[in-house]
Amino acid sequence: MIHKALCLQESLLLHSGDFAKIPPLGQFRLRVFIQLVAVDSHFFFVKNNSISKGEGMSSPVKKVVTVVGARPQFIKASILSHTIARSDRLQEVLVHTGQHYDASMSDVFFQELGIPAPQYHLGIGSASHGVQTGRMLEAIEGVLQQEKPDWLLVYGDTNSTLAGALAAVKMHIPVAHVEAGLRSFNRRMPEEINRILTDHAATLLFAPTQTAKKNLLREGFDPERILMVGDVMYDAALYFAAQADRMSTILSDRGLIARQYALATIHRAENTDDPARLTAIFDGLQRFTELMPVVVPLHPRTVNTLKKLNLFDKLTPGLTILDPVGYLDMVSLEKNARLIATDSGGVQKEAYFYRVPCVTLRDETVWMVLVDAGWNRLCPPVDGQAVLTSMKRAIDSAGQGRDLYGAGDASRLITQSLLESGLDSSDGFDYQAHPVTVPQASRSLAG
């Protein structure tokens, strides 16, 4: 256990008392190590540093339990967790629900993104929405009873998000929601229900865009609880683009030339579970290969669906079909593509971050800001011709607006807000007695 938490270099620096020279990720591992070996202690202390807990502290450490379960959440957590680890006043406990349980969808992201192994892996796996959410709710409640955190932090709109928020709010633990205020205005989508309910359970609402902030205000949320911090995915894009340039070899491995191929990702149930829509998408993609190669990393569930419908052998010839790829390879594929077609909300944003035109193969999107700015276009996949036409029109197009998702410092503003808010788990939900204090930096963005 010890060798997993602490490497030799970190041990030597810790022994010398020169904690400041340890990299942020190493500092996080040290915190995990301390938690493991001193779990029954009332007081623990690291020489010449304020990683301590006990009576008489002037700035008590706040404990944050973070719940993740799906690929986009791993990416967001990679940046925010590193920022939290640099604070000597926050301690994070990472919980992985197991919503994405396949190694290619989960383990590889933790490895590539440098995220320490979760302290809790719940191993929930796949199930119907009700069964999966219920199992998560029960398991997360057990974690919260054990950890007694000051904050519960959740991202986005998955079943893991809703289960974490519900478990916490019923135990009077304040909830912080990253990506609050997003709306597709389509309540048939499970994600729409998840994000609305999570917003209503949350104490702090971290909005990624002005549109998200306006949605919350229109729904009657207290403005003091809404913080327009920008998008942590933009923080990640800025950091990992350089990493991908240095480490990813997927273009050369696959014989791809930058700006001479299109990238497509399809995973939404509204498309994969509807044979007509799935057929239309792959018909359009296959016909588009007459213009340029089309690279399609396919989720195992989508492959199985195509095979069950006897469509795989018919609709995939000519396409470059890949198994799910790691995050750095995905970044490389995205930033070097000439065009992206997707039904993923995260990929829509990443296309904008890398200034690649995007076609969204859905009826609606929560990221209308990108459609309005001209970086993205909606294409309901009613038939193959519609998909083909939209992709042709999007080639080499460009939109307006260069700072739609903040300044790339969302993780810093979120960390600052967790530190400076006037709430902790002992306060319950008496907001009048314990108003939320919004940091000045976040106020300036919220204007």
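Residue indices begin from 1 for each chain and proceed along its sequence in written order. In view of the model being predicted, local features appear only for residues whose pLDDT reaches at least 70, and side-chain atom pairs are presented and counted only at 80 or more, with totals across whole chains, interfaces and linings using the full set of residues. Computation of side-chain values: all heavy atoms of the structure, hydrogens and water removed.

(A) Spotlight on the packing of aromatic side chains. Only Phe, Tyr and Trp rings take part, Trp by its six-membered ring, and two of them pair if their centres are within 6.5 Å. Stacked means planes under 30 degrees apart, edge-to-face means over 60, and tilted covers everything else. The tally for this structure, following the rule as stated, stands at eight aromatic pairs. Feature note: the residues Tyr234, Tyr352, Phe353, Trp367, Trp375 and Tyr405 constitute an aromatic cluster, connected by ring pairs. Over the face of the ring belonging to tyrosine 352 we find arginine 355, whose NZ or CZ atom lies 4.4 Å from the ring centre. When the ring centre of tryptophan 375 is taken as origin, the NZ or CZ atom of arginine 355, which lies over that ring, is 5.4 Å away. Both a distance and an angle decide whether a charge sits over a ring: NZ of Lys or CZ of Arg must be within 6 Å of the ring centre and within 35 degrees of the ring normal.

(B) The nonpolar core, seen in detail. The nonpolar core is taken to be a set of buried Ala, Val, Leu, Ile, Met, Phe, Trp, Tyr and Cys residues, with the residues joined through side-chain atoms within 4.5 Å. To sort residues, take the accessible area from a 1.4 Å probe on protein chains only and compare it with the maximum for the residue type: under 20% means buried, over 50% means exposed, and anything in between is partly exposed. Core analysis: the largest hydrophobic core is formed by 92 residues, its most contacted members being Leu152 and Leu333. Only DSSP runs of H or I with at least four residues qualify as helices, and only runs of E with at least two residues qualify as strands; both kinds are numbered from the N terminus onward. Among the elements that take part in this core, helix H10 (residues 232-247) stands out by supplying eight residues, more than any other. What leucine 152 contacts, discounting residues up to four positions off in sequence, is Val65, Val67, Leu144, Gly164, Ala165, Ala168, Ile173, Pro174, Val175 and Ala176. Listed in part, the 27 residues of the second largest apolar core include Val303, Ala341, Cys379 and Met391. Contact definition: two residues touch when any of their heavy atoms are within 4.5 Å.

(C) Structural detail: the confidence of the model for the chain. For the chain, the average pLDDT comes to 84, and 79% of its residues sit at 70 or higher. Of the regions scoring below 50 in pLDDT, residues 1-17 engages in 24 contacts with residues more than four places distant in sequence or in other chains. Looking at any residue, its pLDDT shows the predictor's confidence there, from 0 to 100. Segment residues 425-447: pLDDT under 50, and 51 contacts once partners within four positions in sequence are set aside and those in other chains are kept.

(D) Just the sheet that holds strand S13 (residues 376-378), in detail. The pairing criterion for strands is at least two bridges between them, as found by DSSP. One open sheet holds the six strands; their spatial order is S10-S9-S8-S11-S12-S13, and the pairing between them is parallel. Pairing within the sheet leaves two strands with one partner each, and these edge strands are strand S10 (320-322) and S13. The mean inter-strand angle of the sheet, taken between neighbouring strand axes irrespective of direction, is 20°. Taken together, the three bridges between strand S12 (residues 358-360) and S13 define a ladder with parallel strand orientation. Bridge pairing in S13 links cysteine 358 to asparagine 376. Between the N-to-C directions of two axes lies an angle of 0 to 180 degrees, each axis being a line fitted to C-alpha atoms and, for a helix, fitted only over the stretch in contact.

(E) Inspection of the pairing of strand S4 (residues 151-155) at higher detail. Burial of S4 is extensive: five of the five residues sit out of reach of the surface. Taking every second residue as pointing to the same face, both faces of S4 are buried, with Trp151, Leu153 and Tyr155 on one and Leu152 and Val154 on the other. As defined by bridge partners, strand S1 (residues 62-68) adjoins S4 across four bridges and the pair is classed as parallel. In the sheet register, valine 64 faces S4, and the bridge partner there is tryptophan 151. Two elements, S4 and strand S5 (residues 175-178), share four bridges in a ladder whose sense is parallel. In the sheet register, leucine 153 faces S5, and the bridge partner there is alanine 176. One crossover worth recording links S4 to the parallel S5 by way of helix H7 (residues 159-170), and it is right-handed. Place the viewer so that the strands point away; then a crossover is right-handed whenever the path from the first strand over the helix to the second strand goes clockwise.

(F) Seen up close, the environment of proline 208. Relative to the helices and strands, proline 208 resides in the loop between strand S6 (204-207) and helix H9 (210-218). Residue proline 208 is classed as buried on the basis of its relative accessible area, which comes to 1%. For the pair proline 208 and glycine 406, spaced 198 residues apart in sequence, the C-alpha separation works out to 7.5 Å. With sequence-adjacent residues up to four places away left out, proline 208 is seen in contact with Glu179, Ala180, Leu182, Met228, Gly230, Asp231, Trp367, Leu404 and Tyr405.

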